[in-house]
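For reference, the chains in residue letters:
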Amino acid sequence: MRRCCDTHRLCNAPIDDFLPTRLISVNGTHPYLSLTSQLKIKPKYATLSHCWGHIKYLTLTKATIENFEQRIPQEALLKTFHDAIRITQEFGIDYLWIDSLCIVQDDADDWDREASSMAGVYGSSTLNIAASGASDGRIGCFFQRGRSVKCQVEMTVCGEKVLYDVVPRLMYERSLARMPLSKRGWALQERVLPRRTLHFTSTEVFWECLQKTACETFPDGLPAAISYRPYGRNSFRKSFISKSMWMSLVEMYSECHLTKSSDKLVAISGLARSLQLQTKEQYVAGLWREELEFQLCWEVSFARFNATTPPYRTPSWSWASVDSQIKFRNIEKYGPGCWNIKIIQVHVKPSGPDPLGEIKSGILRLSCELLIHVTVKITADGFYMVINATDVEAKMALDYEDMHTTFDQSNQPITRLYNFYALPVRGYNSGSRVIGLFLERTGKDGEFQRVGIFRLTGDQGIRKFEECVKNTKCHAKKEEYYRIRKDKFGQEHRIIAII
């Protein structure tokens, strides 16, 4: 901590003059709640990142706020909170921020206001204390631990004896990435936003800052081969947030769990706000208006799939509309191509005061070359789009349908059929790949909902698709579009709305 504060240039770059509304004073005989507006100087403060779990305990409410400003009672101080106070004091920091004790839990206006300031709360803290190994507040930050996982092996290399450190191959995943806190949705931004985080896990203590990741086993820094693996929650590496990180962060976030599914956008709004301050771009339901066409090509992953349709919280074209793990298709890697769609307008209406938080409604209007009537056929042998009575094999994922083979009572595989519209989104100059979305009508002319994604690959499959589409019987009728207009060159533009 001292080395980071004294010598790390990135970790000590100037930050905004931000203070949370309330902080817990921990430098006296008992902790109490302070209004920061009444403090004469801006203090340093720590934050706590923790799992709430399912236990009931005393929190800050309209009824308790007056008492908390005098003294926070013991029944509000779970073991994790006691440990966090002790850690804060050991580092010589006088104030601590804990969500359940600093946000009025039964005041919707206060909760909305404070939840929208997480970028500042965590981004301006001196240290974030992460109770990574605790599934709830009864467990605390400190654990009875086993023996060290590191040993040394002597090997002869080029005639010389060399000592090598040996640790389990999955040390990082087991010791940090798989800890309870890493599975909590809110905790992702609480890990990314602070400049320094101290993780207390059940195996050892980890340090993360913008210039170093270390632990008790490797106090001088984790070897890169241990600390970084290019997938899921294991791919985290602390750095200043940038636009290039967004889709990877969303993929990591979608692996995590939220107690309230309505928090889907709220719990990542701190990251969005931090990024928006840099880019000044328009944020639309978890995506960015610039290059939005690329971001529409997300798909559910069946590693963590939830077929339940959640209550409305975002338009169907947003990844936040599903409760499954998602991944973005890196469609740029397939080489140069051409867009079959052009986004004309995006409008999102927030349900509260925070434009980056919960959403009441959203609509996206785009022009396209055509919509195609298809029957999606899921069989034991593969996935097909049936176009004009011809099977075209495709790779696909439906947002709320398990793609695994299902069986009847006689243990025979069931063929499932769905009538959708196929919207080609992008084709490639190589002529060997097409990527697009499956849509379903809402009942209003020209208005659709997204229900999945498809990919056509290989020369044979593409040729078969193109031949089928030449037959106009499969084309959507004029009245099925929102509008059809011609440009000055006489080219028709078919416009649809997706909600």
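Below: a short report on this structure. The model shown is predicted, which means the values in this text are computed figures rather than measured ones. (Residues numbered from 1 in each chain as written. Predicted model: local features only at pLDDT ≥ 70, side-chain atom pairs only at ≥ 80, totals over all residues. Heavy atoms only, no water.)

This paragraph deals with the pattern of salt bridges. Counted according to the given criterion, the structure contains 21 salt bridges. Note that Asp17 and Lys42 form a salt bridge whose closest N and O atoms lie 3.6 Å from each other. Pair noted here: Asp17 is in the loop between helix H1 (2–7) and strand S1 (22–25) and Lys42 is in the loop between strand S2 (32–35) and strand S3 (45–49), with a separation of 25 residues, a long-range link. Its salt-bridge partner being Arg455, residue Glu299 comes within 3.9 Å of it at the nearest N-O pair. Note that Glu299 is positioned in strand S13 (residues 298–300) and Arg455 in strand S24 (residues 447–457), a separation of 156 residues in sequence. With relative accessibility at 12%, the residue Arg455 sits in the buried group. The network of salt bridges with common partners includes Arg22, Asp110 and Arg113. (Salt bridge = Lys/Arg side-chain N within 4 Å of Asp/Glu carboxyl O. Helix = DSSP H or I, 4+ residues; strand = E, 2+ residues; numbered from the N terminus. Buried < 20%, exposed > 50% of the residue type's maximum accessible area, 1.4 Å probe, protein only.)

This next bit is on the environment of Leu198. Its location among the elements puts Leu198 in strand S8 (residues 196–200). Leu198 sits 66 residues away from Ser132 along the chain, and the two C-alpha atoms are 9.2 Å apart. Excluding anything up to four places from it in sequence, Leu198 contacts Phe91, Leu127, Asn128, Ile129, Ala130, Val205, Phe206 and Trp207. (Contact = heavy atoms within 4.5 Å.)

We now examine the environment of Gln460. With respect to the helices and strands, the residue Gln460 is situated in helix H13 (residues 459–470). Classification of Gln460 as exposed rests on a relative accessible area of 64%. Spatially, the C-alpha atoms of Gln460 and Gln152 are 55 Å apart, while their sequence positions differ by 308 residues.

Another aspect to go through is a nonpolar patch on the surface. A contiguous nonpolar surface patch, about 370 Å² in accessible area, is contributed by Val153, Met155, Val157, Tyr164 and Val166. If you list the elements that add at least two residues to the nonpolar patch, you get strand S6 (151–157) and strand S7 (160–166). By residue number, the principal contributor to the nonpolar patch is S6, which donates three residues. Here Met155 is to be found in strand S6. Judged by relative accessible area, which is 43%, Met155 ranks as partly exposed. (Patch = residues over 30% accessible without salt bridge, like charges linked within 9 Å, V, L, I, M, F, W, Y side chains within 5 Å. Areas by Shrake-Rupley, 256 points an atom, 1.4 Å probe, with all protein chains shown as cover.)

If you walk across this open sheet you meet the eight strands as S2-S1-S4-S3-S5-S8-S9-S10, and the pairing is mixed. Unpaired on one side and paired on the other, S2 and strand S10 (213–215) mark the two borders of the sheet. Neighbour to neighbour, the strand axes of the sheet diverge by 30° on average, direction disregarded. In terms of strand pairing, S3 meets strand S5 (residues 127–130) through four bridges, oriented parallel. Bridge assignment links Thr47 to a residue of S5, and that residue is Asn128. (Pairing = 2+ DSSP bridges. Axes fitted to C-alpha atoms, helices over the stretch in contact; angles between N-to-C directions.)

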